[in-house]
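Single-letter residue listing:
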Amino acid sequence: MAYEEQIEKSVTRIFKAVFPNTVNHYDTLFGGTAMHLMDEVAFITATRFTKMRTVTVSSDRIDFKKPIPHGTIIELVGTVIHVGNTSLKVRVDIYVEQMYLDHREHAICGTFTFVAIDENKKPIPIKVPA
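In this text, all values refer to a predicted model and were calculated from it rather than measured experimentally.

Got a minute to help me understand the UniProt feature "domain: HotDog ACOT-type" (unreviewed entry) in the protein chain in this structure?
The sites that carry the UniProt feature "domain: HotDog ACOT-type" (unreviewed entry) are, in the present numbering, residues 8-120. Across residues 8-120 one finds 20% helix and 48% strand; the C-alpha atoms that close the span lie 30 Å apart.

This is the structure in structure tokens:
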């Protein structure tokens, strides 16, 4: 399988509804909740790409561009953007959609770094397709 094809096959999309129990006193999604969801999607993406055990080693940058109000739907999209010897970077974008309107905006983006590990939790090389 070609490298680009493996990246495309590992793109991960998850949809969530933003309910009142996930928002702050401004009625917008808690930043920590967004980061939790992003790390989860990044992990799934990294695992789907490598087919190996991976762990998060850093969240490199997260930009909150638009508030996400309760009563909306969010889509989280994870994509591998860089592969090193033992690590890889995954970009996660969050889009917000109004439930009853045809309106969608890019709200949050961030990158997460993962390391492939063996059964002893030691870093190991990522297998890249030929």
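After that view of the structure, there is still more to cover.
Just checking my understanding: could you explain unusual backbone geometry for this structure?
Among all residues save glycine, negative phi is the norm, and among peptide bonds the norm is trans. Of note in this structure, Asp27 is not a glycine but carries a positive phi near 60°. Asp27 sits in the partly exposed class, given a relative accessible area of 41%. Within the chain, Lys51 stands out as a residue other than glycine whose phi angle is a positive 60°. Turning to its location among the elements, Lys51 is positioned in the loop between helix H2 (31-50) and strand E2 (54-64).

Looking at this structure, I do not really get the environment of Tyr100. What am I missing?
Looking at where Tyr100 falls in the secondary structure, it is placed in the loop between strand E4 (87-98) and strand E5 (104-116). Exposure remark for Tyr100: the relative accessible area of 76% places this residue in the exposed category. Separated by 59 residues in sequence, Tyr100 and Val41 place their C-alpha atoms 25 Å apart.

Help me out: how do you make sense of the nonpolar core in this one?
For soluble globular proteins, the rule of thumb is that nonpolar side chains tend to be buried together. In this structure, Ile68, Ile74 and Leu88 are the most contacted members of the largest nonpolar core, which totals 29 residues. Mapped onto this core, the elements with two or more residues apiece are H2, strand E3 (72-83), E4 and E5. The element that contributes the greatest number of residues to this core is H2, accounting for seven residues. Those residues within four positions of Leu88 in sequence are excluded, and the remaining contacts are Ala46, Phe49, Thr50, Val80, His82, Val83, Phe112, Thr113, Phe114 and Ile126.

Looking at this structure, I do not really get the sheet that holds E2. What am I missing?
Whenever strands of a sheet pair, they do so through backbone hydrogen bonds, lying parallel or antiparallel. Strand order across the open sheet formed by five strands is E1-E3-E4-E5-E2, with antiparallel pairing between neighbours. The sheet is open, and its two borders are formed by strand E1 (12-17) and E2, each paired with just one other strand. Across the sheet, the mean angle from the axis of one strand to that of its neighbour is 25°, orientation sign disregarded. As judged from the eleven bridges shared by E4 and E5, these two strands associate in the antiparallel manner. Paired with Asp93 across the bridge in E5 is Cys109. The strands touched by helix H1 (residues 3-10) are E1 and E3; relative to E3, the strand with the most contacts, the crossing angle is about 155°.

Looking at this structure, I do not really get the pattern of salt bridges. What am I missing?
Two side chains that carry opposite charge are able to pair once their charged atoms sit near each other. Tallied over the entire structure, the rule returns eight salt bridges. For Arg53, the salt bridge identified is with Glu119, shortest N-O distance 3.9 Å. Residue Arg53 is located in the loop between H2 and E2, and its partner Glu119 is located in the segment after E5; the two are separated by 66 residues in the primary sequence. A salt bridge links Arg61 to Asp63; the nearest nitrogen and oxygen atoms lie 2.9 Å apart. Each of Arg13, Glu75, Glu97 and Arg104 takes part in one network of salt bridges that share partners.

Reading guide: rules and limits
Residue positions are given per chain, counted from 1 along the sequence in the order it is written. Local features are withheld for residues below a pLDDT of 70 in this predicted model, meaning they are given only at 70 or higher, and side-chain atom pairs are given and counted only at 80 or more; totals for whole chains, interfaces and linings count all residues. Each side-chain value is derived from all of the structure's non-hydrogen atoms; neither hydrogens nor water enter the calculation. UniProt positions are given in the numbering used here, feature names are shortened, and annotations may be inferred rather than shown by experiment. Strands are runs of DSSP state E lasting at least two residues, helices are runs of H or I lasting at least four, and both sets are numbered from the N terminus onward. Here's how the labels work: a residue is buried when its accessible area is under 20% of the maximum for its type, exposed when over 50%, partly exposed in between, all with a 1.4 Å probe on protein chains only. In this description, a nonpolar core means a group of buried Ala, Val, Leu, Ile, Met, Phe, Trp, Tyr and Cys residues linked to one another through side-chain atoms lying within 4.5 Å. Any two residues whose heavy atoms approach within 4.5 Å are treated as being in contact. Two strands qualify as a pair provided DSSP detects at least 2 bridges between them. Note on geometry: axes are C-alpha line fits, over the in-contact stretch for helices, and angles between N-to-C directions span 0 to 180 degrees. When a carboxyl oxygen of Asp or Glu is within 4 Å of a side-chain nitrogen of Lys or Arg, the pair counts as a salt bridge.

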